Amino acid sequence: MPPHDELDLLSGYLDEELDQSERARVDAHLPGCAECRETLAALRATVSDLKTLPTPEPTEQDSWALRSAIARARKPSKAWQRALFASGAVAAALVGIIAITHQGSNKHETAGIAAAPDHTVQLYGDAQNFDTLGAHNYFLSVIGVAPTNAPIPGALPAQAPTRGGKSTATNQEARSFYTYDMAESSSEPIDSATRRQLDRCVRIVRGQTQELLTPFRYETSSYNSTQAFFLIFKAPSRYEFWVMSRATDHLCDVLYFAQS
Amino acid sequence: MSTQDDAELLSRYREGDTTAFDEIVTRNERRVFAIALRICHHHEDARDVTQEVFVTALRALATFRGESKLSTWFHRVATNAALDHVRRRQRREGASLDELGDSTDPSPGPESEAIESVRAREVHRALARVGVEHRAVLVLHDLQGLDYAEVAAALEVPVGTVKSRLHRARLALARELGHLKDAEPSADPEPLR
């Protein structure tokens, strides 16, 4: 058989992507060329086979993982950057409100940073109104340390710990509650007044130390019946947990502090 | 998605409206995932590629000049990311340059389980056996429905290259699916009787 470059035009012919002269050539060539007719039929069957493939859909877990990856990758918002570079004036006003370190958790120092779980976190106590033990266990669970039943020394204000019900939440279920990257995530936007309060509290926390504290998680909840932010920061070798009042007349008072 | 919608979303994103980016994710996630899965063949890889694409977008779209459609941008970035992912995997695992093969996929993931038709499963496997460059052009044209010019923009090659590459890709897949006999001349022809 003589060489025939019409063979190479057959996909374009099938897709109607040939110009008029090429198309006319193929039309004229096909009746006399069995090889080209067979190839064209094979191409048709192949394209038809490809159409049997369903369009792959991401699963809910894929979508959740994607949004988590985006939240992690987001740069600090402008508000956070402003907070980082803000003057220490407000922070100075806080001198004297000394946070109390929970000595009992020091043993977790090396268990540390890398252990933060992403999938399952234990909830203790009333999720809408944490008592001291509940708040502390919230912190431990977020950083991947086993919860404690021991009374928390030095908690402010002192209160007999009361254990509430225990529940296990998957990442997705827990999302609306506390699994919220502090890097701005608009999947659950917060209102601007809350954002300003949050910025102020973070500015104050950062004013307490020369170390770089990276926002890790936050939650708006209630601590011993006071509206509060639960703020977890990553420091170079540990986590810090700050519970700060959101009540207007005591905004950013430190209600509880712990570190790992 | 219209170009006008894209432009408005991008403009909102550049002005700091982060909900605009979430909207961009919602609109393009399925497209990116589908391209990634068909090129990579592995569900976990497709998930990684999809994340990589949108994390790239987070930065890149802040300076996107809108000379091409946003969908074209996603086609291009998703295809490149998926091709890179496959090549890295092949280098790591020493697999054949052109074949993923089912043996490299111990856990095909929910997608291949969801393929109920026997023929579709065969096509799914055959697609994994053609070269990755061929697979990319088949995915963009025959599965995603892009025309030649759009495929050329996504692959950053001339339309003529798309035309010939798509043709060779279909021939390769046709042989894998048994529609064509191997066109390569036999190195050891049958002796004349």
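Structure's up top.
Treat the numbers as computed from the prediction; the structure is a model and nothing was measured. (Residues numbered from 1 in each chain as written. Chains lettered and ligands numbered in written order. Predicted model: local features only at pLDDT ≥ 70, side-chain atom pairs only at ≥ 80, totals over all residues. Heavy atoms only, no water.)

Draft legend 1. Looking closely at the sheet that holds strand E3 (residues 214-223) of chain A. Residues and elements named next belong to chain A. What the 4 strands build is an open sheet, ordered E3-E4-E5-E6; its pairing is antiparallel. Edge positions in the sheet fall to E3 and strand E6 (254-259), since each of these pairs with one other strand and no more. On average, adjacent strands in this sheet sit at an angle of 15 degrees to one another, irrespective of strand direction. Of the strand pairs in this sheet, strand E5 (residues 238-245) and E6 are connected by 5 bridges, and their pairing is antiparallel. Bridging across to E6, Phe241 finds its partner in Ala258. Sitting on the sheet, helix H7 (residues 132-143) is in contact with E3, strand E4 (226-235), E5 and E6, with an inclination near 145 degrees to E5. Packing of helix H9 (residues 192-207) onto the sheet brings it into contact with E3, E4 and E5, and relative to E4 it is tilted by some 50 degrees. (Pairing = 2+ DSSP bridges. Helix = DSSP H or I, 4+ residues; strand = E, 2+ residues; numbered from the N terminus. Axes fitted to C-alpha atoms, helices over the stretch in contact; angles between N-to-C directions. Contact = heavy atoms within 4.5 Å.)

Draft legend 2. A look at the pattern of salt bridges. Tallied over the full model, the rule gives 21 salt bridges over all chains. Put simply, Glu57 of chain A and Arg30 of chain B hold a salt bridge, and the shortest N to O gap is 2.6 Å. Of this pair, Glu57 of chain A sits in the loop between helix H3 (34-50) and helix H4 (60-73) while Arg30 of chain B sits in helix H2 (residues 18-40), each in a different chain. For Arg119 of chain B, the salt bridge is made with Glu122 of chain B, and the minimal N-O distance between the two is 2.7 Å. On the criterion of helical spacing, the pair formed by Arg119 of chain B and Glu122 of chain B is a turn pair, its members being 3 residues apart in helix H6 (residues 118-129). For Glu122 of chain B, a relative accessible area of 32% translates into the label partly exposed. (Salt bridge = Lys/Arg side-chain N within 4 Å of Asp/Glu carboxyl O. Buried < 20%, exposed > 50% of the residue type's maximum accessible area, 1.4 Å probe, protein only.)

Draft legend 3. Quick peek at the packing of aromatic side chains. This model, assessed by the stated rule, comprises 8 aromatic pairs over all chains. Relative to Phe257 of chain A, the ring of Trp242 of chain A has its centre 4.7 Å away and its plane inclined at 70 degrees; by these criteria the two rings are edge-to-face. Note that Trp242 of chain A is positioned in strand E5 and Phe257 of chain A in strand E6, a separation of 15 residues in sequence. Of the two residues examined, Trp242 of chain A and Phe257 of chain A, each falls in the buried class. With centroids separated by 5.1 Å and ring planes inclined at 90 degrees, the aromatic side chains of Trp73 of chain B and Phe74 of chain B adopt a geometry described as edge-to-face. Members of the aromatic cluster, joined through ring pairs, are Phe139, Tyr223, Phe230, Phe241 and Tyr256 of chain A. (Phe/Tyr/Trp six-rings, centres within 6.5 Å; stacked < 30°, edge-to-face > 60°.)

Draft legend 4. Just the side chain of Glu6 of chain A, in detail. Take Glu6 of chain A: it is sitting in the segment before helix H1 (10-14). A relative accessible area of 12% places Glu6 of chain A in the buried class.

Draft legend 5. The arrangement of the nonpolar core in detail. Grouped together as the largest cluster of nonpolar side chains are 59 residues, with contacts concentrated most on Phe21, Ile39, Val53, Leu61, Phe74, Leu138 and Leu173 of chain B. Ranked by residue count, the leading element in this core is H2 of chain B, at 11 residues. Not counting residues within four places of it along the chain, the set of residues in contact with Leu138 of chain B comprises Leu50 of chain A together with Leu127, Val130, Leu143, Leu166, Ala169, Arg170 and Leu173 of chain B. Within the second largest apolar cluster, 19 residues are counted, among which are Ala135, Tyr239, Phe241 and Ala258 of chain A. (Core = buried A, V, L, I, M, F, W, Y, C linked by side-chain atoms within 4.5 Å.)

Draft legend 6. A look at the state of the cysteines. Enumeration over the complete set of coordinates arrives at 1 disulfide over all chains. The closest cysteine sulfur to the non-disulfide-bonded Cys36 of chain A is located on Cys33 of chain A, 3.6 Å from its own sulfur. (Disulfide = S-S within 2.5 Å.)

Draft legend 7. Just H9 of chain A, in detail. The end-to-end C-alpha distance of H9 of chain A is 22 Å, a good match for the 22 Å that 16 residues give at a rise of 1.5 Å each. Of all the positions in H9 of chain A, only Thr194, Arg195, Gln197, Leu198, Asp199, Cys201, Val202, Ile204, Val205 and Arg206 of chain A are classed as buried. (Expected span 1.5 Å × (residues − 1).)

Draft legend 8. Region of the structure containing the packing of helix H7 (residues 132-143) of chain B against helix H9 (residues 159-176) of chain B. All names here are of chain B. For the pair H7 and H9, interaxial distance at closest approach is 9 Å and the crossing angle is 105 degrees. By the angle between their axes, H7 is roughly perpendicular relative to H9. For the pair H7 and H9, contact is made by Glu133, His134, Val137, Leu138, His141 and Asp142 and by Val162, Arg165, Leu166, Arg168, Ala169, Arg170, Ala172 and Leu173, respectively. Across the contact of H7 with H9, the residue classes tally to 7 nonpolar, 2 polar and 5 charged. (Parallel < 35°, antiparallel > 145°, perpendicular 65-115°, else oblique. Nonpolar A, V, L, I, M, F, W, Y, C, P; charged D, E, K, R; others polar.)

Draft legend 9. Structural view of the environment of Asp48 of chain B. Residues and elements named next belong to chain B. You can see Asp48 is positioned in helix H3 (residues 43-60). Note on Asp48: relative accessible area 37%, which makes it partly exposed. Linking Asp48 and Ala82, residues 34 residues apart in sequence, is a C-alpha distance of 9.3 Å.

Draft legend 10. Main features of the interface of chain B and chain A. In this assembly, 44 residues from chain B lie in contact with 41 residues from chain A. When chain B packs against chain A, close to 3700 Å² is buried across both sides, 61% of that on carbon and sulfur atoms. Ranking the residues of chain B by area buried against chain A places Glu29, His167 and Arg170 of chain B at the top, with a combined share of 16%. Our enumeration of links across chain B and chain A arrives at 6 salt bridges. Residue Lys163 of chain B pairs with Glu22 of chain A through a salt bridge whose shortest N-O separation is 3.9 Å. Inspection of the chain B/chain A interface yields 15 residue pairs in polar contact (both at pLDDT 80 or more). (Buried area = accessible area lost by both parts, 1.4 Å probe. Polar contact = N/O pair within 3.5 Å; in protein donor to acceptor, adjacent residues only side chain to side chain.)

Draft legend 11. Looking closely at unusual backbone geometry. One non-glycine residue, Cys252 of chain A, lies in positive phi territory at about 75 degrees. If you trace the backbone, Cys252 of chain A turns up in the loop between E5 and E6. Residue classification places Cys252 of chain A among the buried positions, given a relative accessible area of 0%. Here His41 of chain B, not a glycine, exhibits a phi torsion of approximately 80 degrees, which is positive. With respect to the helices and strands, His41 of chain B occurs in the loop between H2 and H3.

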